[in-house]
Amino acid sequence: MNTILLNNITDLRLKIKEWRKEGLTVGLVPTMGALHNGHASLIKKAKETCDKVVVSVFVNPIQFGPNEDYDKYPRTIENDLKLSNEYGADIVFAPTPIEMYGKNTSLSNTELTFVCPPYNLVDCLCGKSRVGHFDGVATVVLKLFNIVTPDYAFFGQKDAQQLFILKKMVKDLNLDLTIVPCPIVRENDGLALSSRNTYLSADERKRALCLSKALKHIEKTYLQGITDTDILFDTAISILDSGVEMEYLEFRNFETFEKVEKVQANTLVAIAAKVGKTRLIDNIIL
Ligand code: PAF
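This write-up is about the structure you can find in this document.

So, how was this worked out
Residues numbered from 1 in each chain as written. Predicted model: local features only at pLDDT ≥ 70, side-chain atom pairs only at ≥ 80, totals over all residues. Heavy atoms only, no water. Helix = DSSP H or I, 4+ residues; strand = E, 2+ residues; numbered from the N terminus. Rg over C-alpha atoms; globule rule 2.2 N^0.38 Å. Buried < 20%, exposed > 50% of the residue type's maximum accessible area, 1.4 Å probe, protein only. Areas by Shrake-Rupley, 256 points an atom, 1.4 Å probe, with all protein chains shown as cover. Phe/Tyr/Trp six-rings, centres within 6.5 Å; stacked < 30°, edge-to-face > 60°. Pairing = 2+ DSSP bridges. Axes fitted to C-alpha atoms, helices over the stretch in contact; angles between N-to-C directions. Near = heavy atom within 4 Å. Polar contact = N/O pair within 3.5 Å; in protein donor to acceptor, adjacent residues only side chain to side chain. Nonpolar A, V, L, I, M, F, W, Y, C, P; charged D, E, K, R; others polar. Parallel < 35°, antiparallel > 145°, perpendicular 65-115°, else oblique. Left-handed = near helix turned anticlockwise from the far one by under 90°. Contact = heavy atoms within 4.5 Å. Expected span 1.5 Å × (residues − 1).

Notes on the overall build of the protein
Part 1 of the reasoning: On a plain count of helices and strands, the protein comes out with ten helices and nine strands.
Part 2 of the reasoning: For 286 residues, the compact-globule estimate of 2.2 N^0.38 gives 19 Å, and the C-alpha radius of gyration of the protein, at 19 Å, lies within 12% of that figure.
Part 3 of the reasoning: Taking the principal axes of the C-alpha coordinates as reference, the protein spans close to 55 × 40 × 40 Å.
Part 4 of the reasoning: Within the protein, the fraction of its 286 residues that count as buried is 52%.
Part 5 of the reasoning: Carbon and sulfur atoms make up 50% of the accessible area of the protein, which amounts to about 13900 Å² in all.

See below:
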């Protein structure tokens, strides 16, 4: 195994300093662990782009609401290390919550400095039901950027709202790095890979397929010439399994994040739904 596991910030910074002295470029793949082939594609892309690659594995307590799955979120560090090694990561950085935040580990804490992305970007889609989530994401990602000082950071397009918000943070706060968006990786039957798929029973897994089917159906209908988002919405709804509780299905311009009534190039179609107790998201860009 060539990949080194580090748990503390000081050791990581020393290593990064060594690389910098050699003039090497650094890529960061931020994750919450439970790595799957979607993460593997990010690590692979990072390895192709940069001399050195750090994968962070940190289930970030401040991005989970009180009734969410922080405690239950899968923690599989041995496997994460193995997969990171297989795809050529140099370091897996897996800090404890105390290492990252001291004692301030709850979303409701008032002692921590938070990054607050613009209201119009967080008060919609996933942010509507996950209040405070994107503040927690932006805060931990800025901390990781400050710790690792990467030249490039790699994020999956599945979390499209997260990606948009983080790109905005990089621009607004003049961070000296490039965000590289990476395509969604799917199972053969279309299900978007997610660490939360492990929560699904066999029956729920079958029902979850209707999310990607609905998106595919929208794409097909759009390619047949229908651009009206109300019509596209209605055709997709008819495909959703009655055992799936839809939270949103929205069409947004992926350059401005504004809602669109007519699909144009670069329209994000994003869906979130609960399958049993598991909340899943998926999207396509038309
Ligand atoms: O997408 C994720 O896994 C997390 O939100 C991230 C970016 C690693 C921050 O905790």
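Some remarks on the packing of aromatic side chains
Part 1 of the reasoning: In this structure the tally under the stated criterion is six aromatic pairs.
Part 2 of the reasoning: Ring plane angle 65 degrees and centroid distance 5.4 Å describe the contact between Phe 64 and Tyr 70, whose orientation is recorded as edge-to-face.
Part 3 of the reasoning: On the numbers, 6.4 Å between centres and 75 degrees between planes, the contact of Phe 145 with Phe 155 is edge-to-face. Pair noted here: Phe 145 is in helix H7 (residues 133-148) and Phe 155 is in strand S5 (residues 152-156), with a separation of ten residues, a long-range link.

Quick notes on the sheet that holds strand S8 (residues 267-275)
Part 1 of the reasoning: Spatial ordering of the open sheet is given by S7-S8-S9, a layout of three strands whose pairing is antiparallel. Only two strands of the sheet have a single partner each, and these edge strands are strand S7 (244-253) and strand S9 (278-285). Going across the sheet, the axis of each strand differs from the next one's by a mean of 15 degrees, ignoring polarity.
Part 2 of the reasoning: In this sheet, S9 lies alongside S8 in antiparallel orientation, the contact comprising eight bridges. In the strand pairing of S9, Lys 274 is matched with Arg 279.

Focus on the site of the ligand
Part 1 of the reasoning: The immediate surroundings of the ligand are formed by Pro 30, Thr 31, Met 32, Asn 60, Gln 63, Val 137, Val 140, Val 141, Phe 155, Asp 159 and Gln 162.
Part 2 of the reasoning: In the model, an oxygen atom of the ligand is placed 2.6 Å from a nitrogen or oxygen of the Gln 63 side chain.
Part 3 of the reasoning: The side chain of Gln 162 places a nitrogen or oxygen atom 2.7 Å from an oxygen atom of the ligand.
Part 4 of the reasoning: For the ligand, the protein covers 89% of the area, taking 290 Å² as the surface of the free molecule.
Part 5 of the reasoning: Those elements that provide at least two residues to the shell around the ligand are strand S2 (26-31) and H7.
Part 6 of the reasoning: Of the residues belonging to the shell around the ligand, the class tally is six nonpolar, four polar and one charged.

Re unusual backbone geometry
Leaving glycine out, the prevailing phi sign among residues is negative, and the prevailing peptide bond configuration is trans.
Part 1 of the reasoning: A positive phi is found at Leu 125, a non-glycine position, where the angle reads about 45 degrees.
Part 2 of the reasoning: Its relative accessible area of 4% is what places Leu 125 among the buried residues.
Part 3 of the reasoning: Located in the positive-phi region is Asn 266, a residue other than glycine, with phi close to 65 degrees.
Part 4 of the reasoning: Tracing the backbone shows Asn 266 in the loop between S7 and S8.
Part 5 of the reasoning: Relative accessible area serves as the criterion here: at 25%, Asn 266 is assigned to the partly exposed category.

Looking at the packing of H7 against helix H8 (residues 160-172)
Part 1 of the reasoning: Packing of H7 against H8 brings their axes to within 10 Å, and their N-to-C directions diverge by 50 degrees. Classified by the angle their axes make, H7 and H8 are oblique. Considering the relative orientation of H7 and H8, their crossing is right-handed. For the pair H7 and H8, contact is made by Phe 134, Val 137, Ala 138, Val 141, Leu 142 and Phe 145 and by Gln 161, Gln 162, Ile 165, Leu 166, Met 169 and Val 170, respectively.
Part 2 of the reasoning: Looking at side-chain class alone, the contact of H7 with H8 contains ten nonpolar, two polar and no charged residues.

Thoughts on the sheet that holds S2
Part 1 of the reasoning: Across the sheet, six strands lie side by side as S1-S4-S3-S2-S5-S6; this open sheet has parallel pairing. Only two strands of the sheet have a single neighbouring strand rather than two, namely strand S1 (4-6) and strand S6 (178-182). Direction aside, the axes of adjacent strands within the sheet are offset by 25 degrees on average.
Part 2 of the reasoning: Bridging between S1 and strand S4 (residues 91-93) involves three bridges; their strand directions are parallel. In the sheet register, Leu 6 faces S4, and the bridge partner there is Phe 93.
Part 3 of the reasoning: Against the sheet, H7 touches S2, strand S3 (52-57), S4, S5 and S6, its axis set at about 150 degrees to S2.

Topic: the environment of Leu 166
Part 1 of the reasoning: Looking at where Leu 166 falls in the secondary structure, it is placed in helix H8.
Part 2 of the reasoning: Excluding residues within four positions of it along the chain, Leu 166 makes contact with Val 137, Ala 138, Val 141, Phe 155 and Ile 179.

Overview of helix H2 (residues 37-49)
Part 1 of the reasoning: Along its 13 residues, H2 runs 18 Å from first to last C-alpha, staying within 8% of the 18 Å computed at 1.5 Å per residue.
Part 2 of the reasoning: Residues of H2 that are buried: Gly 38, His 39, Ala 40, Leu 42, Ile 43 and Ala 46.
Part 3 of the reasoning: At its buried positions, H2 is contacted by S2, S3, helix H3 (77-86), S5 and S6.

This is a description of form; function is not addressed.
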